[in-house]
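# Coordinate analysis (summary)
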Amino acid sequence: MDKREDFERTVNLLGALALYAHGPGADEEFVAAMAPALAASLPCGFLPPLPPGYGPTDGPETGC
């Protein structure tokens, strides 16, 4: 498996986990354990670095 396949599979798993986490009866402990583990398994160097000063919480309010 190359880096792109690994990245795509991991992103798909993170998306599925996010959907599961918002569903009825989701196991919060499972989600809390799996989300960081999946995120940590993303291959390094695949995406460009974030720009200096980037803040993930800086942005418009979405009303969600």
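Use the structure listed above.
Right, let's walk through the structure included here. (Residues numbered from 1 in each chain as written. Predicted model: local features only at pLDDT ≥ 70, side-chain atom pairs only at ≥ 80, totals over all residues. Heavy atoms only, no water.)

## So, the overall build of the chain
For the chain, the count of helices and strands is 2 helices and 0 strands. Put simply, the chain has 64 residues, and 11% of those count as buried. About 5400 Å² of surface is accessible on the chain, with carbon and sulfur atoms providing 62% of the total. (Helix = DSSP H or I, 4+ residues; strand = E, 2+ residues; numbered from the N terminus. Buried < 20%, exposed > 50% of the residue type's maximum accessible area, 1.4 Å probe, protein only. Areas by Shrake-Rupley, 256 points an atom, 1.4 Å probe, with all protein chains shown as cover.)

## A few points about the pattern of salt bridges
One pass over the structure, following the stated rule, counts 1 salt bridge. The partner of Glu8 in a salt bridge is Arg4, and the shortest N-O contact between them spans 3.9 Å. With Glu8 and Arg4 both in helix 1 (residues 3-21), this residue pair falls 4 residues apart, about one helical turn. Owing to a relative accessible area of 49%, Arg4 belongs among the partly exposed residues under this scheme. (Salt bridge = Lys/Arg side-chain N within 4 Å of Asp/Glu carboxyl O.)

## Side note on the packing of helix 1 against helix 2 (residues 28-40)
The angle between the axes and the distance between the axes are what describe a pair of packed helices. Running from N to C, helix 1 and helix 2 cross one another at 160°; their axes reach a closest spacing of 10 Å. Here helix 1 lies roughly antiparallel to helix 2, going by the angle between them. Both helix 1 and helix 2 take part in a crossing whose hand is left-handed. Across from Thr10, Leu13, Leu14, Leu17, Tyr20 and Ala21 in helix 1, the residues of helix 2 making contact are Phe30, Val31, Met34, Ala35, Leu38 and Ala39. Looking at the contact of helix 1 with helix 2 residue by residue, the classes come out as 11 nonpolar, 1 polar and no charged. (Axes fitted to C-alpha atoms, helices over the stretch in contact; angles between N-to-C directions. Parallel < 35°, antiparallel > 145°, perpendicular 65-115°, else oblique. Left-handed = near helix turned anticlockwise from the far one by under 90°. Contact = heavy atoms within 4.5 Å. Nonpolar A, V, L, I, M, F, W, Y, C, P; charged D, E, K, R; others polar.)

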